[in-house]
Amino acid sequence: MTSFNRSTSRRLKKLTQIPSVWEGDRRPLSSPNQFSDSEAKGECILWVDYSQGVVRGMDVVASDIGPEAIVRTLMQAMEHPQSPARPARPQRIVVKDREIQFYLRGVLQDLDIAIDYAPELPLIDELFRGFADILDSQTPDLPPQYAQILREKAFAIWQAAPWEFLEEQQILSIEINKWDVGTLYASVMGMLGMEYGILFYRSEESLKQFRAAVLTDQESTEHLEEAFLKQDCLFLTFESADETDEDEDEEDDLADLPLSEIDPTFGNIHPLEGLRSVLYDEEALVILVAIESLSRFIRDRRRQLQEDIFPTLSRRYRISLPQSEESTKSVPVIVSTMPQLAAELEEMAGFDVDDDQEIDNPDFQSLQDDLIPEDSFLSLGVVSWEMLEYLRKGVSYHQAGEIKQVGDGLPVILIQTSRPKAKTVIERIEATGGLRAICFNPGANPFDGDRYDLGLLQTQNGELFLFGEFLDEDPTHVEARKKWNQRCKNTKGYCGLIIAKGLTGASRGNPQLRDMMALFEARSLSPKDLGIGTLQLMPQLKFE
């Protein structure tokens with residue numbers, strides 16, 4: 001058994017011993033009447049002076065912490081008690097746990113304190129009853145009668161993973177017409193791998209206002225917070241159940257965690273209420289019906305929703321309600337896609353190319369793969385705005401347009417090769433009139449079933465050149481693509497291509513400013529914009 005150091009015992013014995021009886025105990029913090037998860041939320045340790053009726057020490061610890069914790073709290077109660085008590089040592093301690101009694105007798109044997117047992121501790125019992133009343137009066141995050149089924153439906157959405165094929169602007173309407181709710185407008189978050197969840201807006205107006213506010217000033221934290229709190233929506237988000245993961249590497253993706261480590265959170269946002277992670281009965285029923293109907297729609301229309309073009313779809317459902325005070329047993333719901341609203345939101349965000357910069361789609365004949373040398377080093381990255389200014393002044397520079405400096409910099413494709421080969425690449429691009437666009441387009445190998453993300457360069461004369469082939473399942477490329485997509489959205493579709501030398505030198509894989517020979521600014525195109533469909537690997541080993 002661990003005991004005090006002799007110096008600690010001498011110090012404690014110097015405290016004035018008062019003729020008081022102290023009660024001590026350790027009990028679970030949650031109320032037995034409170035609806036909560038099965039996991040323990042911690043235990044409260046209390047030391048009170050029964051003679052004076054005051055609390056001298058209190059602490060909250062994890063339930064798996066050993067008996068040493070009750071001694072540490074006792075030392076605080078003696079040496080640093082809560083006001084108005086003064087430092088002192090009791091004559092007698094009473095506990096209602098035999099194990100704690102025997103443990104304290106061994107630890108405190110040199111302090112001349114009697115350690116007794118009693119089946120009841122009147123003052124501590126009264127205090128814990130008060131704690132329980134406070135806990136019982138608190139509103140739970142979810143109505144108890146709907147909590148379990150809501151979590152089940154949330155996990156069904158998580159496993160369906162609609163963010164794998166639906167972007168935030170691809171809105172689905174959910175017509176409910178119940179509980180004073182007409183139609184909800186669902187926006188799916190998660191394609192960028194940053195935050196996963198679904199926002200259920202109560203009106204198109206709220207959705208559009210939030211998008212417009214965010215696009216107005218994406219760099220002001222205060223502005224974004226104000227815009228966030230002015231939304232009118234219900235929400236379902238997913239987080240890591242382990243709160244200690246906050247400081248982990250940003251590249252760790254929530255989608256890679258097992259289901260047991262995912263925690264769904266529900267809530268409401270309203271301009272006059274702000275954010276609250278609590279749902280009341282009617283709100284719980286609304287979001288329950290919305291999630292269930294959305295899950296069914298995704299299950300039934302998954303193939304069509306995965307197409308490059310956001311389709312026009314609609315489906316009716318009848319959603320059963322759990323047993324409650326509601327007399328209604330089921331609710332008819334209509335779920336529909338909203339391509340026109342999606343196009344409007346894309347236009348607001350500047351995803352489409354301006355009319356005066358419209359990129360024509362020439363008749364596609366073949367994809368050339370002889371522009372970029374095979375042994376080149378290739379990476380997807382970003383150039384800071386400060387570095388971009390240096391590049392524009394120090395290398396062969398081809399401007400694409402006025403770029404608004406939003407985010408951490410300009411997204412770029414870096415090609416590093418030898419100086420002679422780099423010079424040849426630059427001359428060939430310049431001979432075509434310069435670089436028009438950079439695109440990632442799906443590709444497939446019908447012989448082995450592999451699917452690729454093909455990196456393409458489109459020159460001003462309409463020619464397409466392959467600069468990279470990336471397996472769809474490569475996690476490094478998937479993460480790089482997420483960042484590329486987000487940065488291109490920040491810059492309203494502007495990106496760049498850097499050609500650098502130094503492949504065989506000390507700067508291989510990390511070219512310095514002196515190694516960079518050319519910067520071609522361009523536009524980022526989606527596969528839909530390019531309009532060539534999935535490219536198939538032909539027997540000649542060229543994508544055609």
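The structure reproduced in this document is the subject of the present report. The written sequence of each chain sets the order in which its residues are numbered from 1. Totals for whole chains, interfaces and linings use every residue, but because this is a predicted model, local features are given only for residues with pLDDT of at least 70 and side-chain atom pairs only at 80 or more, for both listing and counting. Calculation of side-chain values draws on the structure's entire complement of heavy atoms; hydrogens and water are dropped beforehand.

This next bit is on the overall build of the protein chain. Strands are runs of DSSP state E lasting at least two residues, helices are runs of H or I lasting at least four, and both sets are numbered from the N terminus onward. Along the protein chain, the regular secondary structure elements total 13 helices and 22 strands. The buried label applies to any residue whose accessible area, calculated with a 1.4 Å probe on protein chains only, is under 20% of its type's maximum; exposed applies above 50%, and partly exposed to all values in between. When burial is assessed residue by residue, the protein chain has 47% of its 544 residues classed as buried. Within the protein chain, contacts between residues separated by at least 24 positions form 68% of all contacts whose residues are at least 6 apart in sequence. Here the accessible surface of atoms and residues is derived via Shrake-Rupley with a 1.4 Å probe, and residues count as covered only by protein chains that are part of the display. Accessible area of the protein chain: about 28600 Å², with a carbon and sulfur share of 46%. Whether two residues are in contact is decided by their heavy atoms, any of which lying within 4.5 Å being enough.

As summarised here, the arrangement of the five strands in space is 3-2-1-4-5, forming an open sheet in which the pairing is mixed. Each edge of the open sheet carries a strand with a single partner, namely strand 3 (54-61) and strand 5 (114-117). Strand-to-strand twist of the sheet, defined as the mean angle between neighbouring strand axes without regard to direction, takes the value 20°. Here five bridges tie strand 1 (residues 17-28) to strand 4 (residues 89-95), and the two strands are oriented parallel to one another. Bridging across to strand 4, Glu-23 finds its partner in Val-94. Interaxial angle, 0 to 180 degrees, is taken between N-to-C directions of lines fitted to C-alpha atoms, where a helix line uses only the stretch in contact. Of the strands in this sheet, strand 1, strand 2 (43-49), strand 4 and strand 5 touch helix 3 (residues 98-107), which is tilted by about 170° from strand 5. When DSSP finds two or more bridges between two strands, those strands count as paired.

Attention now goes to the nonpolar core. The biggest cluster of nonpolar side chains holds 52 residues, and the ones touching the most others in it are Ile-174, Ile-176, Phe-200, Phe-238 and Phe-266. In terms of residue count, the dominant contributor to this core is helix 8 (residues 281-305) (twelve residues). Setting aside anything within four residues of it in sequence, one finds Phe-266 in contact with Leu-142, Leu-150, Arg-151, Ala-154, Phe-235, Leu-236, Ser-277, Val-278, Leu-279, Ile-287 and Ile-291. Side-chain atoms within 4.5 Å link the members of a nonpolar core, which is a set of buried Ala, Val, Leu, Ile, Met, Phe, Trp, Tyr and Cys residues. Grouped together as the second largest cluster of nonpolar side chains are 26 residues, Val-61, Leu-74, Tyr-103 and Leu-104 included.

A separate point is the side chain of Arg-89. Tracing the backbone shows Arg-89 in strand 4. All tallies of charge rest on Lys and Arg as positive and Asp and Glu as negative; His and the ends of each chain are not included. Only one rule defines a salt bridge in this text: a Lys or Arg side-chain nitrogen within 4 Å of an Asp or Glu carboxyl oxygen. No salt bridge forms around the buried Arg-89; measuring N to O, its nearest opposite-charge neighbour Asp-112 is 4.5 Å away. Under the rule applied, a polar contact is a pair of N or O atoms within 3.5 Å (in protein, one hydrogen donor and one hydrogen acceptor; residues adjacent in sequence only if both atoms are side-chain atoms). Of note is the side chain of Arg-89, whose polar atom sits 3.1 Å from the backbone oxygen of Lys-13.

A few words on the sheet that holds strand 13 (residues 330-337). Read across the sheet, eight strands follow the order 11-10-9-8-7-6-13-12 without closing on themselves; strand pairing throughout is antiparallel. Pairing within the sheet leaves two strands with one partner each, and these edge strands are strand 11 (274-276) and strand 12 (314-320). Each adjacent strand pair in this sheet contributes to an overall mean axis angle of 25°, direction not counted. By the bridge criterion, five bridges tie strand 7 (residues 181-189) to strand 8 (residues 196-201) in an arrangement that is antiparallel.

Each residue after the first adds 1.5 Å to the expected span of a helix. With twelve residues, helix 2 (residues 68-79) should reach 16 Å at 1.5 Å per residue; the first-to-last C-alpha distance of 17 Å fits that figure. Summarising burial for helix 2: nine of the twelve residues are buried, a large majority. Inspection of helix 2 places Ala-69, Ile-70, Val-71, Thr-73, Leu-74, Met-75, Ala-77, Met-78 and Glu-79 among the buried residues, and these make up the whole buried set. The inward-facing, buried residues of helix 2 abut helix 1 (6-13), strand 1, strand 2, strand 3, strand 4 and helix 3.

It is worth spelling out a nonpolar patch on the surface at this point. Within this analysis, patches are made of residues with over 30% relative accessible area and no salt bridge. Like charges are joined at 9 Å or less; nonpolar side chains (Val, Leu, Ile, Met, Phe, Trp, Tyr) at 5 Å or less. A cluster of nonpolar residues, Phe-228, Leu-229 and Leu-275, forms a patch on the protein surface that exposes about 230 Å² of accessible area. The topology assignment puts Phe-228 in helix 7 (residues 221-229).

Here we come to the pairing of strand 2. Buried residues dominate strand 2, accounting for seven of its seven residues. On strand 2, burial covers both faces: Glu-43, Ile-45, Trp-47 and Asp-49 on one face and Cys-44, Leu-46 and Val-48 on the other are all buried. Looking at chain direction, strand 2 and strand 3 are connected through seven bridges and run antiparallel. Looking across to strand 3, one finds that Leu-46 is bridged to Met-58. As consecutive antiparallel partners, strand 2 and strand 3 are separated by four residues, and within that stretch Gly-53 has a phi angle of approximately 70°, a positive value.

Our focus in this paragraph is the pattern of salt bridges. Counted under the stated rule, the structure contains 24 salt bridges. Among the ionic pairs, Lys-13 bridges to Asp-112, the shortest N-O distance being 3.7 Å. You can see Lys-13 sitting in helix 1 and its partner Asp-112 sitting in the loop between helix 3 and strand 5, a full 99 residues away along the chain. Residue classification places Lys-13 among the partly exposed positions, given a relative accessible area of 40%. For Arg-392, the salt bridge is made with Glu-521, and the minimal N-O distance between the two is 2.8 Å. You can see Arg-392 sitting in helix 10 (residues 385-394) and its partner Glu-521 sitting in strand 21 (residues 516-525), a full 129 residues away along the chain. Relative accessible area serves as the criterion here: at 21%, Arg-392 is assigned to the partly exposed category. Exposure remark for Glu-521: the relative accessible area of 2% places this residue in the buried category.

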